[in-house]
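# Coordinates in review
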Amino acid sequence: MNEYSYWLDTLPAGTQNVELRTQNSDLPPRADVVIVGAGYTGLAAARQLARAGASVLVVEREQIGWGASSRNGGQVLTGMKLDAATLVATFGEAKARTLFDIASASIDRLEAIVAEESIDCEYERSGHIQAAWKPSHFKAFHDEQTLLARVFHHQVHLVPREEQRREIGSDRYHGLLVDERSGAINPAQYVRGLAAAAIRRGVSIATGVGVTAVQRQPGGWRVQTTKGEVLARDVLFATNGYTNGASPALQRRFVPIGSYIIATEPLDESQAVALLPKRRMAFDSKNFLYYFRTTTDRRLLFGGRAEFGRTTPDTTRRAAAILRRGMTSIFPGLAAVRIDYAWGGNVAFTRDQMPRAGRLDDVYYAGGYCGHGVAMATYLGEQIARRIAGEPIDHPLFDDRFAAIPLYTGNPWFLPLVGAYYQVRDWLQ
Ligand SMILES: Cc1cc2nc3c(=O)[nH]c(=O)nc-3n(C[C@H](O)[C@H](O)[C@H](O)COP(=O)(O)OP(=O)(O)OC[C@H]3O[C@@H](n4cnc5c(N)ncnc54)[C@H](O)[C@@H]3O)c2cc1C
């Protein structure tokens, strides 16, 4: 079993990052903007800033897309992490509608960039299904359908259990909610295409270089890295679930939580078609949800928050065993199928499960996508870049007063407790 992201093996052989790498070359002495992290956030911001005429250096500790951006499920989903009812209960109808529209705009931006930059990343409007784990969850889908239509002018349709085989090859669920607007993407091809697009616009990307600290100095910042210093007018932290001590402020606001995926061996065509006949993105209605999809080479990718904490090789192996049991409970026909890949990655949660961008102690940031960031990271990266470039924009997700989480300094000691709480809720609800 390969313990790395399946998506990396879908990149053209031998070219994973090679031609994009500037490793070992000298860092430029200065740049208008230094961006920390080469995932969707950092690269979308870099591309946007370069288009506005700024000189931009992206500094990445590992390789392009090394973080969540090459490891995710590639589900480009409508809406925010918070469901429609929670959005309305938390923010009221008008603001909830604005936030939902922002999520739709984020998909529009992703689609526009893929088209403008001709990024070959298997993007398609596949739609998604949400599967009811319990009969009561399907009843709640009716309310959600009504709310989505009334408040958000967004149409979804429901499929009762007795007809769900036309959407999913499983009887484990109690009916489905189907949303045609969502999409599927190959995440590693997308992040690589975004990097290539940024480079075409004049962005420099230094990989294998970690930012260790940023210090204010007249007119800007002194950015300290493992390969020397760079002076910058502005700095953007785009480090999300991989934020470290280089940004103590963000470390106190983003909680890194592991999410894990296994990928089967390529399945027979008939078997893959039976699992998800319309190749939709899928997830279920539990708090500790499973998410799954098929790939162009007919593997099933099956993911979940099987371990509650940061990812390590040990948690990845334990999670793989848990996910395999989960997968065969949903699709018993896969019991004898080989698992070719297992990997994990960190998602960044915020206390209220809302993403954000803004300025903390005069340093820009964007992140906190709570596992819902393929489109939103692209979008918020662009939005914060527009602000850095001097556009007089305000945005509902800009937050310069993003409060630190009390008693939290970057070590999420409370995660096992939170995990246990949600497991009990899944059992009770
Ligand atoms: C297993 C998994 C499944 C997911 N599935 C989905 C999905 O299906 N749909 C969806 O919408 N979202 C999903 N997500 C979330 C999505 O992948 C993320 O929200 C998104 O990739 C975040 O992009 P980013 O650029 O902000 O951060 P990242 O891609 O994580 O990039 C941050 C980068 O910062 C670098 N870095 C950190 N500190 C430093 C430093 N000091 N110096 C230099 N570099 C540094 C890291 O090396 C890393 O490469 C998933 C995430 C995971 C982990």
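Nothing here was measured: the structure is a model prediction, and the numbers come from that model.

### Structural notes on the overall build of the protein chain
If you tally the helices and strands in the protein chain, you get nine helices and 18 strands. Its C-alpha atoms give the protein chain a radius of gyration of 21 Å, within 12% of the compact-globule value 22 Å for 429 residues. Projected onto its principal axes, the C-alpha coordinates of the protein chain cover approximately 65 × 50 × 45 Å. Counting every position in the protein chain, which comprises 429 residues, the buried fraction comes to 51%.

### A short note on the nonpolar core
Where a protein is soluble and globular, its nonpolar side chains tend to be buried together. Membership of the largest hydrophobic core comes to 128 residues, with the highest contact counts inside it found for Val 34, Val 56 and Leu 236. Non-local contacts of Val 56, meaning those with residues more than four positions away in its chain, are made with Ala 31, Asp 32, Val 33, Ile 35, Ala 46, Leu 49, Ala 50 and Val 203.

### Considering unusual backbone geometry
One non-glycine residue, Ser 118, lies in the positive phi region at around 50°. Looking at the element boundaries, Ser 118 is found in the loop between helix 2 (84-116) and strand 4 (128-131).

### Notes on the environment of Thr 86
Along the polypeptide, Thr 86 turns up in helix 2. For the pair Thr 86 and Asn 2, spaced 84 residues apart in sequence, the C-alpha separation works out to 38 Å.

### Points about the site of the ligand
Around the ligand there are 43 residues in total, and Gly 37, Gly 39, Gly 67, Gly 345 and Gly 373 lie nearest to it. For the shell around the ligand, the secondary-structure elements that each account for two or more residues are helix 1 (40-51), strand 2 (56-60), strand 12 (255-264), strand 16 (339-349) and helix 8 (374-388). Taken together, the residues of the shell around the ligand sort by class into 16 nonpolar, 23 polar and four charged.

### Side note on helix 1
The end-to-end C-alpha distance of helix 1, which contains 12 residues, comes to 16 Å, matching closely the 16 Å that a straight helix rising 1.5 Å per residue would cover. Among the 12 residues in helix 1, 11 count as buried, and that is most of the element. Taken together, the buried positions of helix 1 are Tyr 40, Thr 41, Gly 42, Leu 43, Ala 44, Ala 45, Ala 46, Arg 47, Gln 48, Leu 49 and Ala 50. Buried residues belonging to helix 1 abut strand 1 (30-36), strand 2, helix 4 (187-200), strand 11 (228-237), strand 18 (363-367) and helix 8. Of the residues flanking the end of helix 1, it is Gly 53, one or two places downstream, whose phi is positive at about 100°.

### Quick look at the packing of helix 1 against helix 4
Where helix 1 contacts helix 4, the axes come no closer than 9 Å and their chain directions differ by 25°. One element, helix 1, and the other, helix 4, form an angle in the roughly parallel class. Remark: the crossing between helix 1 and helix 4 carries left-handed chirality. Residue-level inspection shows Tyr 40, Leu 43, Ala 44, Ala 46, Arg 47 and Ala 50 of helix 1 in contact with helix 4, the latter providing Val 191, Leu 194, Ala 195, Ala 197 and Ala 198. Looking at side-chain class alone, the contact of helix 1 with helix 4 contains 10 nonpolar, no polar and one charged residues.

### Some words on the sheet that holds strand 14 (residues 290-294)
Spatially, the eight strands line up as an open sheet ordered 5-6-4-13-14-15-12-16, and their pairing is mixed. Each edge of the open sheet is held by one strand with a lone partner, namely strand 5 (157-159) and strand 16. Across the sheet, the mean angle from the axis of one strand to that of its neighbour is 20°, orientation sign disregarded. Across three bridges, strand 5 lies against strand 6 (residues 176-179) in antiparallel orientation. Note that in strand 6 the partner of Val 159 across the bridge is Leu 176.

### What to know about the confidence of the model for the protein chain
Residues with a pLDDT of 70 or more make up 92% of the protein chain, whose mean pLDDT is 93. Every residue in residues 18-24 scores below 50 in pLDDT, and together they form 12 contacts with partners more than four places removed in sequence or on other chains.

### A short note on the environment of Phe 91
One can find Phe 91 in helix 2. Of the residues examined, Phe 91 has 16 C-beta atoms within 10 Å and is grouped as partly exposed. Contact partners of Phe 91, with chain neighbours within four places excluded, come to Ala 96 and Leu 99.

Definitions and limits used
Residues numbered from 1 in each chain as written. Predicted model: local features only at pLDDT ≥ 70, side-chain atom pairs only at ≥ 80, totals over all residues. Helix = DSSP H or I, 4+ residues; strand = E, 2+ residues; numbered from the N terminus. Rg over C-alpha atoms; globule rule 2.2 N^0.38 Å. Buried ≥ 20, exposed ≤ 12 C-beta atoms within 10 Å, placed from the backbone. Core = buried A, V, L, I, M, F, W, Y, C linked by C-beta atoms within 7 Å. Contact = placed C-beta atoms within 7 Å. Near = placed C-beta within 6 Å. Nonpolar A, V, L, I, M, F, W, Y, C, P; charged D, E, K, R; others polar. Expected span 1.5 Å × (residues − 1). Axes fitted to C-alpha atoms, helices over the stretch in contact; angles between N-to-C directions. Parallel < 35°, antiparallel > 145°, perpendicular 65-115°, else oblique. Left-handed = near helix turned anticlockwise from the far one by under 90°. Pairing = 2+ DSSP bridges. pLDDT = per-residue confidence, 0-100.

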